[in-house]
Amino acid sequence: GAARAAGEDTAGRHDVAEPRDRRAATHVDLKVLPAVGAILWGNPKGPKLVVFSDFQCGYCQRLTAELAKAKVHVEERPISIFGAASRKISEAVLCAKDPAKALHAAYSGQALATDKTCKEAKALDANEAFAKANGFAGTPVIVRARDGAVLHGYRDAAAIRRFVAEGKGVAQ
């Protein structure tokens, strides 16, 4: 892609589309996102990461296992990189009785009742507008909640732990 041609390091990244201006944000202000539109899971006592994902993204599905191994608290914010089918799955997860359970079911390929919607589903628009405004053209995108630092693409648990520790003065 254009990133490789420009000499950009693409190792470990998964971008399903080239950013329009190739200027994806390196830090974002998470305070502008509404509380609704997120699925909380993982270790509630762990450091918090906000993950922008698409339920049809294989790298996002693989990332869930690595986030669990890293023992972090995840605020997952679905965006529809893969179009209308992704949006229907996101709505089904967000509107489920137990959204965290539905999230893991969706990633494991289980069929969800995609005919239901709820008022919270409108919050997906805010997730998508935030992602677009910050140049997030692929998934997954991981954001460190404490300072808004952005990490694009799939990472293993060790890389996630390093990202969490960055800027805290913690030796690895």
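Residues numbered from 1 in each chain as written. Predicted model: local features only at pLDDT ≥ 70, side-chain atom pairs only at ≥ 80, totals over all residues. Heavy atoms only, no water.

Chemist: Even after reading the chapter, I still don't get the packing of helix α3 (residues 84–95) against helix α4 (residues 99–107), so can you show me in this structure?
Modeler: Relative placement of two packed helices is described by the angle separating their axes and the distance separating the axes. Where α3 contacts α4, the axes come no closer than 7 Å and their chain directions differ by 145°. Here I89, V93 and L94 of α3 lie close against α4, whose contacting residues are P99, A102, L103 and A106. The residue makeup of the contact of α3 with α4, split by class, is seven nonpolar, no polar and no charged. (Axes fitted to C-alpha atoms, helices over the stretch in contact; angles between N-to-C directions. Helix = DSSP H or I, 4+ residues; strand = E, 2+ residues; numbered from the N terminus. Contact = heavy atoms within 4.5 Å. Nonpolar A, V, L, I, M, F, W, Y, C, P; charged D, E, K, R; others polar.)

Chemist: In this structure, what is going on with the pattern of salt bridges? I would like to understand it.
Modeler: A side chain of one charge can pair with a side chain of the opposite charge if their charged atoms are brought near each other. The tally for this structure, following the rule as stated, stands at ten salt bridges. The salt bridge involving K31 is made with D29; its shortest N-O contact spans 3.6 Å. Since its relative accessible area comes to 37%, D29 is described here as partly exposed. Residues participating in the shared-partner salt-bridge network are R87, E91, D125 and E128. (Salt bridge = Lys/Arg side-chain N within 4 Å of Asp/Glu carboxyl O. Buried < 20%, exposed > 50% of the residue type's maximum accessible area, 1.4 Å probe, protein only.)

Chemist: Looking at this structure, I do not really get α3. What am I missing?
Modeler: Counting along an α-helix, one turn takes 3.6 residues, and residues three or four places apart therefore face a common direction. Taking 1.5 Å of rise per residue, the twelve residues of α3 would be expected to cover 16 Å, and the 16 Å separating its terminal C-alpha atoms lies within 8% of that figure. The set of residues buried in α3 consists of S86, R87, I89, S90, E91, A92, V93 and L94. Residues of α3 that are buried sit in contact with β1 (39–42), β3 (73–78), α4 and α5 (123–133). (Expected span 1.5 Å × (residues − 1).)

Chemist: What is the right way to read the nonpolar core from this model?
Modeler: Soluble globular proteins tend to bury their nonpolar side chains together. With 29 residues, the main nonpolar core has L49, L67, V72, V93 and I160 as its most contacted residues. Elements with a contribution of two residues or more to this core: β1, β2 (48–53), α2 (58–69), α3, α4 and α6 (157–165). Sort the elements by how many residues they give to this core and α4 lands first, with five residues. Other than its neighbours up to four places away in sequence, V93 contacts I39, F55, P99, A102, L103, A106 and L112. (Core = buried A, V, L, I, M, F, W, Y, C linked by side-chain atoms within 4.5 Å.)

Chemist: Sorry, what's going on with the packing of aromatic side chains here?
Modeler: The relative placement of two aromatic rings is captured by the distance of their centres and the angle of their planes. Considering all chains together, one arrives at five aromatic pairs under this definition. With centroids separated by 5.4 Å and ring planes inclined at 65°, the aromatic side chains of F52 and F136 adopt a geometry described as edge-to-face. Linking F52 in strand β2 with F136 in the loop between α5 and β4 (141–144), this pair joins segments that are 84 residues apart in sequence. Take F52 and F136: they sit in the same class, and that class is buried. An aromatic cluster of at least three residues, connected via ring pairs, comprises F52, F130 and F136. The ring of Y154 has R62 lying over it, and the distance from NZ or CZ to the ring centre is 4.3 Å. In this arrangement the basic side chain of R144 is found over the ring face of F163, its NZ or CZ atom lying 4.6 Å from the centre. (Phe/Tyr/Trp six-rings, centres within 6.5 Å; stacked < 30°, edge-to-face > 60°. Lys NZ or Arg CZ within 6 Å of the ring centre and 35° of its normal.)

Chemist: I'm lost on the packing of α3 against α5 in this one. Help?
Modeler: The geometry of α3 relative to α5 is characterised by a closest axis approach of 10 Å and an angle of 125° between their N-to-C directions. What the angle tells us is that α3 and α5 run oblique. Between α3 and α5 lies a crossing of right-handed hand. Here α3 contributes R87, S90, E91 and L94 to the contact with α5, which in turn contributes L124, D125 and E128. Residue classes in the contact of α3 with α5 are distributed as two nonpolar, one polar and four charged. (Parallel < 35°, antiparallel > 145°, perpendicular 65-115°, else oblique. Left-handed = near helix turned anticlockwise from the far one by under 90°.)

Chemist: Looking at this structure, I do not really get the environment of E75. What am I missing?
Modeler: With respect to the helices and strands, the residue E75 is situated in strand β3. Under the relative-accessibility criterion, E75 is labelled buried at 10%. Beyond its immediate chain neighbours, meaning those up to four positions away, E75 contacts A38, I39, L40, K48, L49, V50 and V51.

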